[in-house]
Every structure is written in structure tokens, then in C-alpha cells.
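Descriptive structure summary
The residues making up each chain are set out below.
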Amino acid sequence: MATNPLPPKARTAIPRQHMPEQEAAERAHNFSEVNLGFNFDITKQEALRCLACANPKCTDGCPVGVKVKDFIELILKGDYLAAAAKVREDDVLPAITGRVCPQEDQCEGACIMSKKFGPVGIGYLERFVADYERQTGKIGLPQNAPPTGKKVAIVGSGPAGLSAAGDLIQKGHNVRVFEALHEIGGVLVYGIPEFRLPKEIVRQEVENMKKMGVEFETNVVVGKTVTVDELLNEEGYSAVLVATGAGLPQFLGVPGEDLCGVYSANEFLTRVNLMKAYKFPEYDEPIYDCRGKNVAVVGGGNTAMDAIRSALRLGAKNAYVIYRRSETEMPARVEEVKHAKEEGIQFLLLNNPVEFLGDDRGWLRAASVIKMELGPADESGRRRPVPIKGSEYELPLDVAVIAVGTSSNPLVQSTTPDLKTRKGGYIEANTDTLKTSKPGVFAAGDIVTGGATVILAMGAGRKAAKAIDDYLCTGTW
Amino acid sequence: METQPFKIVEVRFLAPDVKLFRILAPRIARKQQPGQFVILRVHENGERIPLTIAESNPTDGTVTIIVQGIGKTTKHLNTLNAGDTILDVVGPLGKASHIEKFGTCVVIGGGVGTAIAYPTAKALHQAGNHVIAIIGGRTKQLVILENEAREVSDELFITTDDGSYGTKGLVIDPLKKMIADGRKIDLVLAIGPIPMMRAVAEVTRPLGIKTVVSLNPIMVDGTGMCGGCRVHVGGKSQFACVDGPEFDAHQVDFAGLTKRNALYRDMEKHSLVEFEQHRCKLSEAK
Ligand SMILES: Cc1cc2nc3c(=O)[nH]c(=O)nc-3n(C[C@H](O)[C@H](O)[C@H](O)COP(=O)(O)OP(=O)(O)OC[C@H]3O[C@@H](n4cnc5c(N)ncnc54)[C@H](O)[C@@H]3O)c2cc1C
Ligand SMILES: Cc1cc2nc3c(=O)[nH]c(=O)nc-3n(C[C@H](O)[C@H](O)[C@H](O)COP(=O)(O)OP(=O)(O)OC[C@H]3O[C@@H](n4cnc5c(N)ncnc54)[C@H](O)[C@@H]3O)c2cc1C
Ligand code: SF4
Ligand code: SF4
Ligand code: FES
């Protein structure tokens, strides 16, 4: 490729560039973003590493097929706005995915450079161009097609709902997003904390959509405030997209889980993020005081990392991750685990709480934790952890946060009788069209797949938007 | 177009610190059933708190709530007047009360529990039940909704702890007397402070009288998403916001509920002290 002046050997000789970040000791006490972002020089160095493969594996690795090679090429040309636009062709939330995608399992994991030299920092570059675009304020909002007069209702404002809304408004339809909470963004605002994804970025994306004409109605719990059938039959919507996520918290089911001081990760993170408890008493929402306390999270995913790092920032003295498998099995993004360690989070791997112990006022005082070892592989291919008999010990704790996964919220399904569900209450939808069993109703994101990723939810939202547009134009189901 | 704040169209004090609000919320007014509640947030920096819908009018699109000022958020709410707005109101949440013709129903409301019990009592009355209402409070001024309770009941008992109004004693006393007199009771609905509901459950348990209580754990979202409202009922963890708030009193773990509700006491006090200081400053400024 003409734009990259370096021969391949010289490209591979450049080391993967480091992301500038807040010092661990400092950031452990604030909620500002950890990663500070590339500057122009680092961006160029990193972009120069790309081999511009004839058969780019990176694009295959990305669930929505971002044209990585092409946008990197545009970075090298110095045309960052064009680079951002190139990403946007496939990924409508680049500032978000650049920050939160599990790149090591997706684009970067597939990058040809990854084995020998370390992958090209695709996520960092994507973030750079998206931030550049946002800061210049030159986001090229696409022109909407002439109005079709058709109305589409979208239930849930997470990445699946937002991306569908963005596509459908461009097709000229009237789009209204209904959200149960008082803020738009789903997990992006109530789950993922400020230090990893500044809320300002989500707000900006929502503003863009408003400018394009998407209507948002918060404080509407579909299934309670209004039903899917009422939207279709009484409010004149021609199609409904259910994008309600997988928001129901799961608990361990061990004794003592109802003690004061034991939270679900959803509650803990919602209080911290959505209700901004970290600004208490400026904001009213109380979160159990973590200052000087022993706090543990149970689980090994992104949610667990987000919760425990929030607790640390709220002043925890000891902050533990209790995970029943080993580090290789941890589903969290590699970068988050690394950051957590640097910040002083203590990892109790191959450990599992079997009981929470309370004091006589009903407050958590400790967990009884058992040690585990890895046995043979299970159905998922991961080695199954088995408890080591007699290895229980008491870990003194003031707060415990349970982050062992979520399941589907039944509010929409239970009030829409002809909507077929599968095991776990998730909505059954065609993989290509995301059509459900009920004519006019589509479903996308975590409510179909179970807890997954931002980019998968977004990809599904866009697929659904396409199918909804087809349905509205042809009128055939 | 975005969601607009919710407009207050009417306010009225029912007792010192107990205020009735009629709020324009057409979607909620259309769907509300007795026993359901809203969660509201007064302003941007506010907490989300649950409040029962006392009444709704689908025609003019209003819902009525009755608020007892006990902490920062409820006291702040009670400073608002007609024409003011509330930033967020979401609902109707929770399961509707189970209404059918049971026969004789005793509805007990302690303090602001009377407001929570009122819509269900009304529905029971309309369904043809013989409704005996027992309402009470610590002192005369805290007895609320007397007229409303009278309208939806066939017999009304009023008690105050200090004897300043009605009979001196607790709301549970008339119930005990009815049972001692051998009156046939088919359903008891008790709503009020936890110790009161617990005591009612203990009185009716030996006789196997069906007893329903409405639980008030701390809530955040009200949609089953946070699990903060979990209560132990029948040995199982249930979410009061979606599985309740009404539960079979004989299955409820009241001791656990009492402890969980004390969770934020220190911070709530802090909020309240701040709020009162702030209010003093405001009035000084005026
Ligand atoms: C703490 C945490 C950290 C995560 N970190 C990452 C990460 O780093 N990288 C990554 O790729 N993924 C991450 N994930 C997963 C990712 O956020 C989700 O897979 C993704 O958000 C799913 O999108 P969605 O649109 O399907 O649903 P959601 O984002 O869950 O949004 C659903 C929305 O629907 C609303 N809703 C629900 N029911 C109703 C109803 N009845 N009526 C109206 N509205 C309703 C909800 O309030 C919510 O706003 C994380 C998840 C969590 C919880
Ligand atoms: C389903 C339900 C229906 C209710 N209906 C009514 C009603 O119709 N009228 C009325 O006046 N009150 C009602 N309540 C109680 C009301 O929600 C609380 O009084 C209010 O949240 C207190 O907030 P605060 O900031 O003013 O006081 P705080 O200072 O926060 O708290 C004072 C006390 O209220 C309890 N409390 C605090 N936060 C909550 C919460 N989010 N949910 C429940 N209890 C809490 C605490 O245990 C504390 O002891 C209801 C509660 C529930 C769960
Ligand atoms: S969207 Fe995610 S997976 Fe795709 S290229 Fe961007 S960072 Fe990689
Ligand atoms: S696989 Fe890696 S080196 Fe090849 S084009 Fe993609 S980013 Fe560049
Ligand atoms: S209030 Fe969050 S689950 Fe009930």
C-alpha cells in the first residue's frame, strides 16, 4: 500500500504502542477515565505497524466486520474524519466499542501480527478516530430518507436498541425508544463505570440520534406502563423491537446472601453509576460506605472487575476478587484484569464462597470461602473447578458483591403471550432476521443471546433494523 | 421529543407531614390497578423512591399519591406545590392486589399504611366484600384518610396510641377483640410499620385466617433488575417490586426485612440533616 512508507520488516520492528494512562496509585481514588487516549504521534506509530494484509483476518475477527485495514490506511493519510466515517459504516458506536470490545478475542485476536509481534492496537486506533471526530464536532450525520409515515417502537435503549434506532431513522421511519429507567443507554450508563466509559460519550451518541429525529421516552416499563400489543394495536406502531437486555441478577444461592452488605452487581453498579452514589452526599443515593472496609466481589467477568474497582475508588481498604476458576478462564477483558491488579485489587483465584456470615444485627461480617482445584474439562471445554475438602477459611468482609451473571427479565415476555421464549426465558428470534414468533415483533441483543457483548448487541440491532425496514416496505412477514 | 417532567396539578395536606399529590401521568393513570405503586425521582440529584398509587383517573390522566415526610426525599417532595414538576415518575409497578369476593375483610392501616391500603380496601368494597377498616396512628394528627376509609368500609375503627382520638391503643386491638368475639373473618390486609404487620400475622396465624401484608423494602429500579428489594417469603428469595409488594403474611421473614431496611440509616440521617440545614439557609435567604 502506497500510504505506508515502511517495508514489512520495519513495520514489525515497531513495538506495540502503550496506551497512556492515569497512574495506578492516583486513579485508584478517582472515577476519571483510566486510559487517556493516543496522541497523533503514537497513533501514527501504531498505524504504521499494520501489514495491510491482502486477506485481513482482523475484519473476520470483528463481529460486525469493521474494515480495519481501510480505516488504518486513512489514518496514515492523516484523514481522521474519513477514518472515523469508515468505521461507522459497520460500527455506529466506535468511541464505545474502541473502549469496551474484548479486542483480544475479536479483531486483535485474529490480527496476523498477534502471534509474533503483538496485534495492531485496533481498539485504541478506533477510539482515537472516534474521539477525534467527536472533539472536532464534525460528526457527519447521515441524511434521512424521505418520511415513510411508518412508526417503529424500540423497547430498551442499550446498544441493540440504539443502533437499530439509528438505522431505522435513516430509512425515513418514525422511531421511538421506550426506556424503563430515567436515562438512555442501558448497560452503557448503569453498568459500565465512568472510569472505563465516560458517560459523556454515550450522551453525545444519544444527542446525535435526537438530532436525527429519534424520539426517546424514559420511565416507560413495557409490560407494565404499556404492553407490546397496545403499542401495535392502539398506538399505531407497525413494528416493535424488543431489546431489553439480560438484566436480572443471579445470586449464588448460598446461606447468608440476604445479609445487609451483600449486593447484586446490578444494584451496586446502578447505585454507583446511574444514581451517582460516588458523589454522595451531593447526590442522594446512599451506597453502603466502602471507606476503610473489606470488600469482595464474587465472579470473574467485566461486571466483577467494574464492581470491585468501583469499590476501591469508593475507599475500600482491601478489595478482593473471589473467582472459582483460574486466571486463564476469567471472562473479563485482559486489559481490565491488568488494570485491576495494578490498582491493588487482590485476586483470590480458585476460591469460592460457600456461606456469608453475619453479626447479630444481620450485617455481613465474613465469608466462609473454600479453595478449589481444576478437574477435567466440562461441556464448555473449560476445566471444571472442584472444591478441596476441608479447605474452608473465613475471610473478614464488610461488603460482598455478587457478579456471577444475569438472566432475562420476564416483564415483556410474560405480558406478550404469543411471544415464544426458549430456555431461561430468552426470546426466540430468527438468527438472520431477528423475527420472533409474533408478527410485527423483532428481538435483538442480550434478550435473545443471553449476556454477551456491546458489539454483538449492536450488530444484532442493525440486523433487526434491516429486517424491520424490509417488513415495513413490503408489508409481508 | 423527550419525556417531560411530571406536572403536579393538586396538593393537599392530610395531616402534618402527610401530603396528597395529584400528578399528571396519563400512561400510568390508564393502567393502574389497586396495590400498584410508582417510583419517582424529584430532581436530577435525587433518589428514586417507591410510593403507592392511591387513586387514578384515566379520564384526566392523573394519579394520586399520599406521601408521609419521614426522610430527605419525602420531606423535599412535601415542599412541592401545584404547578411544580417531578422529574421522573415510572409505573404502575408491582403486582395488582388479588381482588375477589372473600366475605368479611379486615383492612388495617397503620400511619401512612392507611394510604397504601386505601386503594385495595376500595376495590375489596366494590367487589362486594364486607369491609371492616381499622386505621390508627400514634396521635390524633397522624390518623389520615378517615373520610375516605369510612366511604370504602362497612365498619370503621380508629385507634391512637395516646388516646387523643378514637380508642386508645393499637390498630391490632380491634382485630384481637373481633377474633375473641368469634367473628368470622375471611381476609386480613395489614399495611404499616413492620412490627405492626408482624404482630397481625402472629394473631391470625393460629386461626389460619388468610392474611396479606404489603412489604416496603428499599427499592432502586422497581423492575426486577437490582435485587435490592429481595425479601424472604416461604423460604425463597423474592423481589418485592415484581413478585409483590403484597405477600402472604404467614410466609414472610419479618426479622430479615427489619434488618435490611436499616441498611442506609446512617447515610439517610446524614441526608436529612443536610437537607434541613439547607432548608434553614433557604428560609434565611428569603
Ligand atoms: C457491568 C457490565 C460490564 C460490561 N462490560 C462489557 C465490556 O467491557 N465489553 C462488552 O463488550 N460488553 C460488556 N458488557 C456486556 C454488554 O454491556 C451487554 O452485552 C450489552 O449492553 C447488551 O446490550 P442490549 O442492548 O442487549 O441490552 P442492555 O444494554 O442491557 O439494555 C437494555 C435496556 O432495556 C431496558 N429495559 C429492560 N426491560 C425493559 C422494559 N420492560 N421496558 C423498557 N425498557 C426496558 C433496560 O433498562 C436497559 O436500559 C458488560 C455488562 C455489564 C453488566
Ligand atoms: C411498595 C412501596 C410503597 C410505598 N408506598 C408509600 C406511600 O404510599 N406513601 C408513603 O409515604 N410511603 C410509601 N412507601 C415508603 C417510602 O418509599 C419511603 O418512605 C421513602 O422511600 C423514604 O425516603 P426518604 O428519603 O424520605 O427517607 P429515608 O431517609 O431515605 O428513609 C427513611 C426510612 O424509610 C425507609 N426507606 C428508605 N428508602 C426506601 C426505599 N427506597 N423504599 C422503601 N423504604 C425506604 C428506610 O428504611 C428508612 O428507615 C412505600 C414503600 C414501598 C416499598
Ligand atoms: S468493533 Fe470491536 S471487534 Fe470490531 S474492530 Fe472495533 S474494536 Fe475490534
Ligand atoms: S490483520 Fe492486523 S496487520 Fe493485517 S490488516 Fe488487519 S490489523 Fe493490519
Ligand atoms: S427494586 Fe430492583 S429488583 Fe426490585
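These numbers come from a predicted model, not from an experiment. (Residues numbered from 1 in each chain as written. Chains lettered and ligands numbered in written order. Predicted model: local features only at pLDDT ≥ 70, side-chain atom pairs only at ≥ 80, totals over all residues. Heavy atoms only, no water.)

**Considerations on the packing of helix 14 (residues 265–274) of chain A against helix 15 (residues 302–313) of chain A**
Packed helix pairs are characterised by how far apart their axes lie and by the angle those axes make with each other. All names here are of chain A. Here is the rule we go by: All axes here are fitted lines through C-alpha atoms, helices being fitted over the stretch that makes contact, and every angle between N-to-C directions spans 0 to 180 degrees. Secondary structure elements follow DSSP: runs of H or I no shorter than four residues count as helices, runs of E no shorter than two count as strands, and numbering proceeds from the N terminus. Here the word oblique covers every angle except those under 35 degrees (roughly parallel), over 145 (roughly antiparallel) and from 65 to 115 (roughly perpendicular). Should the near helix be turned anticlockwise from the far one by less than a right angle, the crossing is left-handed, and should it be turned clockwise, the crossing is right-handed. Any two residues whose heavy atoms approach within 4.5 Å are treated as being in contact. Basically, the charged four are Asp, Glu, Lys and Arg, the nonpolar ten are Ala, Val, Leu, Ile, Met, Phe, Trp, Tyr, Cys and Pro, and anything else, Gly included, counts as polar.
For the pair helix 14 and helix 15, interaxial distance at closest approach is 10 Å and the crossing angle is 50 degrees. It follows that helix 14 is oblique to helix 15 by the angle criterion. Note on packing geometry: the crossing formed by helix 14 with helix 15 is left-handed. Residue-level contacts link Ala-265, Phe-268, Leu-269 and Val-272 of helix 14 to Thr-303, Asp-306, Ala-307, Ser-310 and Ala-311 of helix 15. Tallied by class, the residues present in the contact of helix 14 with helix 15 amount to 6 nonpolar, 2 polar and 1 charged.

**As for the sheet that holds strand 6 (residues 262–264) of chain A**
All names here are of chain A. What counts here: Two strands qualify as a pair provided that DSSP identifies no fewer than 2 bridges between them.
Taken together, 5 strands build an open sheet; the order of strands is 6-14-7-8-9 and the sheet is parallel. Two strands in the sheet have a free side with no partner beyond their single neighbour: strand 6 and strand 9 (346–349). Each strand of the sheet is rotated relative to its neighbour by a mean of 20 degrees, with strand direction disregarded.

**Considerations on the domain arrangement of chain A**
Residue and element names in this part refer to chain A. Operational definition: Note: domain ranges come from an automatic or database domain assignment. The buried area of a pairing is the accessible area, by a 1.4 Å probe, that goes missing from both parts when the two are put together, added over both. Any carboxyl oxygen of Asp or Glu within 4 Å of a side-chain nitrogen of Lys or Arg constitutes a salt bridge here.
According to the domain assignment, chain A consists of domain 1 (8–136), domain 2 (151–247 + 408–474) and domain 3 (249–405). The C-alpha-based centres of domain 1 and domain 3 are spaced at 31 Å. For the pairing of domain 1 and domain 3, the buried interface totals around 1,200 Å² over both sides, and the portion due to carbon and sulfur atoms is 48%. Counting the surface domain 1 buries against domain 3, the share from its top three residues, Arg-27, Ala-28 and Phe-31, is 45%. Taken together, domain 1 and domain 3 are joined by 2 salt bridges.

**Comments concerning the pattern of salt bridges**
Residue and element names in this part refer to chain A. Here is the rule we go by: Partly exposed describes any residue whose relative accessible area lies between the buried limit of under 20% and the exposed limit of over 50%, with all areas from a 1.4 Å probe on protein chains only and scaled to the type maximum.
Evaluation of the coordinates by the stated rule reveals 53 salt bridges over all chains. Across the pair Glu-335 and Arg-333 runs a salt bridge whose closest N-O atoms are separated by 3.3 Å. The same class applies to Glu-335 as to Arg-333, namely buried. For Arg-361, the salt bridge identified is with Asp-359, shortest N-O distance 3.9 Å. Residue Arg-361 is classed as exposed on the basis of its relative accessible area of 53%.

**Quick word on the site of ligand 1**
Residue and element names in this part refer to chain A. Under the convention used in this document: Nearness is judged by heavy atoms alone; a residue qualifies as near a molecule or strand once a single heavy atom is within 4 Å of it. Any pair of nitrogen or oxygen atoms within 3.5 Å is treated as a polar contact; in protein, a donor-acceptor pairing is required on top of that, and neighbouring residues in sequence qualify only through side-chain atoms on both sides. Only the protein chains shown count as cover for residues, and the accessible areas themselves come from Shrake-Rupley with a 1.4 Å probe.
Lining the immediate environment of ligand 1, one finds 35 residues, of which Val-100, Glu-179, Arg-196, Val-222 and Asp-446 sit closest. Here Pro-159 contributes a backbone N or O atom positioned 3.3 Å from an oxygen atom of ligand 1. One of the backbone nitrogen or oxygen atoms of Ala-452 is found 3.2 Å away from an oxygen atom of ligand 1. Burial of ligand 1 by the protein amounts to 94% of the accessible area it has alone, namely 1,000 Å². Listed by contribution, the elements that provide at least two residues to the shell around ligand 1 are helix 10 (159–170), helix 15 and helix 19 (454–474).

**A word on the packing of aromatic side chains**
Residues and elements named next belong to chain A. Where we set the bar: Two rings from Phe, Tyr or Trp (for Trp, the six-membered ring) form a pair when their centres are within 6.5 Å of each other. A pair whose planes differ by under 30 degrees is stacked, one over 60 is edge-to-face, and the rest are tilted. Whether a charge lies above a ring is judged from NZ of Lys or CZ of Arg, which has to be within 6 Å of the ring centre and within 35 degrees of the ring normal.
Taken as a whole and judged by the stated rule, the model has 13 aromatic pairs over all chains. An angle of 85 degrees between the planes, with centres 5.1 Å apart, marks the rings of Tyr-471 and Trp-477 as edge-to-face. You can call Tyr-471 buried: its relative accessible area is 16%. Here the aromatic residues Phe-40, Tyr-80, Phe-128 and Tyr-132 are joined through ring pairs into a cluster of three or more. It is Lys-151 that lies over the ring of Tyr-237; its NZ or CZ is 4.5 Å from the centre.

**Considerations on the domain arrangement of chain B**
All names here are of chain B. When the domains of chain B are assigned, the result is domain 1 (6–93) and domain 2 (95–214). The partner domain 2 presents 15 residues to the 16 residues of domain 1 that form the contact. Run the count over domain 1 and domain 2 and you get 1 salt bridge. Residue Glu-55 is joined to Lys-122 by a salt bridge in which the shortest nitrogen-to-oxygen separation is 3.0 Å. The set of elements that each furnish at least two residues to the side of domain 1 that touches domain 2 consists of strand 1 (6–15), strand 4 (49–57) and strand 5 (62–68). Looking at which element gives the most residues to the side of domain 1 that touches domain 2, the answer is strand 4, with 4 residues.

**Some remarks on helix 3 (residues 113–126) of chain B**
Residue and element names in this part refer to chain B. Where we set the bar: A helix is expected to span 1.5 Å multiplied by its residue count minus one. The seven residues ending at a residue and the seven starting there each receive a fitted axis; the angle between those axes is the bend at that residue.
In this model, helix 3 (14 residues) spans 20 Å end to end at C-alpha, consistent with the 20 Å of a helix rising 1.5 Å per residue. The largest bend in helix 3 is about 30 degrees, located at Pro-119. Among the 14 residues that make up helix 3, 10 are buried, leaving the element largely enclosed by the rest of the structure. Taken together, the buried positions of helix 3 are occupied by Gly-113, Thr-114, Ala-115, Ala-117, Tyr-118, Pro-119, Thr-120, Ala-121, Ala-123 and Leu-124.

**Description of the side chain of Asp131(A)**
Residue and element names in this part refer to chain A. You can see Asp-131 is positioned in helix 9 (residues 122–136). Of the residues examined, Asp-131 reaches a relative accessible area of 8% and is grouped as buried. A polar side-chain atom of Asp-131 sits 2.8 Å from a polar atom in the side chain of Arg-99. A polar contact of 2.7 Å, which involves the side chain of Asp-131, links it to the side chain of Arg-134. In contact with Asp-131, not counting residues within four places along its chain, are Ala-95 and Arg-99.

**Some thoughts on the confidence of the model for chain B**
The condition is simple: Per-residue confidence from the prediction method is given by pLDDT, with values spanning 0 to 100.
In this model, chain B carries an average pLDDT of 88, and 90% of its residues clear a pLDDT of 70 or more. Scored by ipTM, the complex comes to 0.88, with pTM at 0.91.

**Topic: the pairing of strand 9 (residues 130–137) of chain B**
All names here are of chain B. Rules: Looking down the strands as they point away from you, a crossover is right-handed if its path from the first strand over the helix to the second goes clockwise.
Of all 8 residues in strand 9, 7 are buried; the element is thus mostly enclosed. Sheet topology note: the strand 8 (residues 104–110)/strand 9 ladder contains 7 bridges and is parallel. Note that in strand 9 the partner of Ile-108 across the bridge is Ile-134. Note that the unit made of strand 8, helix 3 and strand 9 has a crossover that is right-handed. Examined bridge by bridge, strand 9 and strand 10 (residues 155–160) share 6 bridges and lie parallel to one another. Within the sheet, the bridge partner assigned to Ile-132 lies in strand 10 and is Glu-155. In the classification by handedness, the crossover that spans strand 9, the intervening helix 4 (residues 146–151) and the parallel strand 10 is right-handed.

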